[in-house]
Amino acid sequence: MRYFHNPRCQKSREGLQLLEGKGLQPEVVLYMTEPLSPMDLEDILAKLDIDAEDLIRSKEAVWKEEFKDKELSEDELVLAMIEYPQLMERPILVNGDKAAIGRPPENLLEIL
């Protein structure tokens, strides 16, 4: 299991605490400081079964300033999240061929 974690995010901390409370120790990926590759992010999107647009945090300042009124392709959205990882919804747990966004944190339990 891999847990894409932003320690500054309350939901991300709650999700990790929930998993650890169940006795699980996923590999923690600090994606804010360890950038994902486009292939990694595309793999996560496939496991989540969503489009890149659905993983974007559209209320982030950088989204509003840089991208809000632009028509972006799937590849451009992926690259935007690579360049500005704070745009990526979090936390994300990947377990085998499944993934879940931990909003609310209990969503993570659905793929265990």
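Residues numbered from 1 in each chain as written. Predicted model: local features only at pLDDT ≥ 70, side-chain atom pairs only at ≥ 80, totals over all residues. Heavy atoms only, no water.

Visitor: Help me understand helix H1 (residues 10-21), please; the structure alone is not making it clear to me.
Guide: Since the α-helix turns once every 3.6 residues, residues separated by three or four places project in the same direction. An ideal rise of 1.5 Å per residue puts 16 Å on 12 residues; H1 measures up with 16 Å between its terminal C-alpha atoms. When H1 is considered as a whole, its buried residues turn out to be Ser12, Gly15, Leu16 and Leu19. Relative to the axis of H1, the buried residues are bounded by an arc of 95 degrees and lie together on one face. For H1, exposure combined with an orientation more than 90 degrees from the buried face picks out Gln17 and Gly21. If you follow the buried residues of H1, they end up packed against strand E1 (2-4), strand E2 (27-29) and strand E3 (92-95). Directly beyond the C-terminal end of H1, a positive phi value near 80 degrees is found at Gly23. (Helix = DSSP H or I, 4+ residues; strand = E, 2+ residues; numbered from the N terminus. Expected span 1.5 Å × (residues − 1). Buried < 20%, exposed > 50% of the residue type's maximum accessible area, 1.4 Å probe, protein only. Arc of directions from axis to C-beta. Contact = heavy atoms within 4.5 Å.)

Visitor: Whenever I open this one, the sheet that holds E1 confuses me. Can you help?
Guide: By definition, the strands of a sheet pair up through backbone hydrogen bonds, in either a parallel or an antiparallel sense. One open sheet accounts for four strands, arranged E2-E1-E3-E4; its pairing is mixed. The open sheet terminates on both sides in strands that have one partner only, identified here as E2 and strand E4 (98-101). Neighbour to neighbour, the strand axes of the sheet diverge by 20 degrees on average, direction disregarded. Taken together, the four bridges between E3 and E4 define a ladder with antiparallel strand orientation. The residue of E4 that forms the bridge with Asn95 is Lys98. Across the sheet, H1 lies against E1, E2 and E3, angled at about 160 degrees from E1, the strand it touches most. This element, helix H2 (residues 38-48), spans E1, E3 and E4 of the sheet and lies at about 90 degrees to E4. (Pairing = 2+ DSSP bridges. Axes fitted to C-alpha atoms, helices over the stretch in contact; angles between N-to-C directions.)

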